Each structure stands twice: as C-alpha cells, then as structure tokens.
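Coordinate analysis (summary)
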2 protein chains.
Amino acid sequence: MSTRAAAFDAPGARAEVEEGTAFTPRFDRDGLVACIAVDARDGRVLMLAHMNAESLARTLETGEAWYWSRSRGELWHKGATSGQIQRVVEMRTDCDQDALLITVEVGGDGGCCHTGRRACFYRTVSWDAAAGRAALAPAGA
Amino acid sequence: MSTRAAAFDAPGARAEVEEGTAFTPRFDRDGLVACIAVDARDGRVLMLAHMNAESLARTLETGEAWYWSRSRGELWHKGATSGQIQRVVEMRTDCDQDALLITVEVGGDGGCCHTGRRACFYRTVSWDAAAGRAALAPAGA
C-alpha cells in the first residue's frame, strides 16, 4: 500500500483552530491524537484509540480506520485479522483539534473489542460512598 | 470541599484488568485518563477531556464531572462558571481501563463547548483525494 506521509499543517492561532477550515490536528508529544469510534447503526460508543499522522493519513485515504497501537508500538489496521474493519462514514474533530470522532460501519461480526464484545465499555463503575471506593460491575458479554 | 485523595489501586494482571471487578484506572505518565462525555438525552458525544486521580475521585464522590484542564494545568469543575454542570448518570471504563465513558445530564443551557456550541465536535473532516489533503467543513452553530 502506498501512502503519502500526509502533510498535516501545524496548528495556527486559536481562532483559526477553533473556527477555521484548516485541518490541523494537534498531536501530543508522542505524536498521537485520541479518536473515538461510534457505531453508525445506533451512535453507540465502541472504543477509544489513538492515531498518529501516518494512521490518520491512511484512514483518510482508504476510508477505513487505522490506529496506532500504543501497546504494540505499530500501525494497526483495525479488523485486518478479525474482519472487524471499520468503514469510516464520517470524521469530526473538536474545538481545539486534539480529538477525533469517527462514525463507522463495522465489518465481520460487527464487534470491536478484542475481548469478543461489541464495544470496549462493557463495565460500569459504581461508587461505594461508605467505603470511599469505586468498583466495577461484573463484566457482561 | 473535602475530598479524599482516592486510593485507586494499580492495575493488576491483564485478566483482572479486563474481566475483574476492581477499578484500576490506568493513568498515563502525566497521571491522566481520557474521558468521553455523552449526553443522556440522546447519546450524542459531547466532548473528550481528561481526568487525573483527584478529578476522578471528585467526580465519583460528587456525581458531577470534574476534569483536569491540561491547558490551564488545574482542576476543572465543568460548569462551575457557565452553569453547564454535568451530572453523571453512569460511568463506564473500557477493556484495559485507560479510558472512561460518562453519560451526563447537562445543566444550564444544555451546552458543553466553550465556543458556545452544544458539543465540541462541530466540524466534519473531508478528504480531497486529488489534492491529497483534508479540510474541515465551515463551523456551524
């Protein structure tokens, strides 16, 4: 696959970043920007992952989600092995352009999480005021 | 306001982190965890921000969203000045516990973004294949 190392311009002045039409993603010191993926079927939040400039460029060029795996330290074409390809229907960025929101159609079995669940946020956090501690509800399917 | 510096235990083995009931948020080297806020009214993604242990503890204890402002370098009680308090209806964490998802009821005018818009993701990113560049759609209200 041939991919240009996309030239993302550096962020300009605040007014331009917030109100302008130049896409100037604000990568952090590791060269990453956070990306939320929601399911086009129902808007459910599926996962939060990160993109570097290369994976963001590939995502834009191919229309499929590419991330940067922080744990493996490598480009990650989501679904390449599982079939859970994420076709990007829409990409948005936020006010200060340090986060992305993609709406995706999921291939394969429609899932997303490596644990086999549809989405990664499968546990709720509950607060025990008496104990001053939080705990998770047992993980469902 | 008196707030315990909540004792969040360090993450254990992978199986426990992914399937257990211990809430062991995985803070990054800056002591932060990403938090997605969605609107309880319709599930719309409102914003992505960060929490440190202190703001997470306050969020759990008070039931209102507290973040850590990376730009200002301070605790940030969302809505304290704008009235756009975020009452947390539900908090979730993801498989590796390095991200949070909160469902919130928004006070004040129901908005979230400091630019005056309801949500921060008010611009779409479009790809110009011929030019090999991405651009943003003009910002709406």
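Residues numbered from 1 in each chain as written. Chains lettered and ligands numbered in written order. Predicted model: local features only at pLDDT ≥ 70, side-chain atom pairs only at ≥ 80, totals over all residues. Heavy atoms only, no water.

1. With respect to the packing of aromatic side chains
One pair of aromatic rings is described through two measures. These are the centre distance and the angle between the planes. Tallying each qualifying case throughout the model produces six aromatic pairs over all chains. With 5.3 Å between their ring centres and 45° between their planes, Tyr67 of chain A and Trp76 of chain A make a pair best called tilted. Judged by its relative accessible area of 0%, Tyr67 of chain A falls in the buried class. On the basis of an interplanar angle of 90° and a centroid distance of 5.8 Å, the ring pair of Phe8 of chain B and Phe23 of chain B is categorised as edge-to-face. Here Phe8 of chain B is found in the segment before α1 (14-19), whereas its partner Phe23 of chain B is found in the loop between α1 and β1 (33-39), with 15 residues between them in sequence. (Phe/Tyr/Trp six-rings, centres within 6.5 Å; stacked < 30°, edge-to-face > 60°. Buried < 20%, exposed > 50% of the residue type's maximum accessible area, 1.4 Å probe, protein only. Helix = DSSP H or I, 4+ residues; strand = E, 2+ residues; numbered from the N terminus.)

2. A word on the nonpolar core
Ile36 and Ile102 of chain A together with Ile36 and Ile102 of chain B are the most contacted members of the largest nonpolar core, which totals 74 residues. Not counting residues within four places of it along the chain, the set of residues in contact with Ile102 of chain B comprises Cys35, Ile36, Ala37, Val38, Met51, Ala65, Tyr67, Gln86, Val88, Glu90 and Met91 of chain B. (Core = buried A, V, L, I, M, F, W, Y, C linked by side-chain atoms within 4.5 Å. Contact = heavy atoms within 4.5 Å.)

3. Observations regarding the interface of chain B and chain A
Contact with chain B, which involves 54 residues of that partner, is made by 54 residues of chain A. Taking both partners together, chain B and chain A bury about 4500 Å²; carbon and sulfur atoms supply 56% of that area. Contact with chain A buries area across many residues of chain B, yet Phe121, Arg123 and Trp127 of chain B alone supply 15% of it, more than any other trio. The interface formed by chain B and chain A includes eight salt bridges. In this structure, Arg133 of chain A and Asp9 of chain B form a salt bridge, with 2.9 Å as the shortest nitrogen-oxygen distance. Here chain B is connected to chain A by 34 residue pairs in polar contact (both at pLDDT 80 or more). No other element matches α1 of chain B, which puts five residues into the side of chain B that touches chain A. Of the residues assigned to the side of chain B that touches chain A, the class counts are 28 nonpolar, nine polar and 17 charged. Bridging between strand β7 (residues 123-128) of chain A and strand β5 (residues 86-93) of chain B involves three bridges; their strand directions are antiparallel. Bridged to Arg123 of chain A within β5 of chain B is Thr93 of chain B. (Buried area = accessible area lost by both parts, 1.4 Å probe. Salt bridge = Lys/Arg side-chain N within 4 Å of Asp/Glu carboxyl O. Polar contact = N/O pair within 3.5 Å; in protein donor to acceptor, adjacent residues only side chain to side chain. Nonpolar A, V, L, I, M, F, W, Y, C, P; charged D, E, K, R; others polar. Pairing = 2+ DSSP bridges.)

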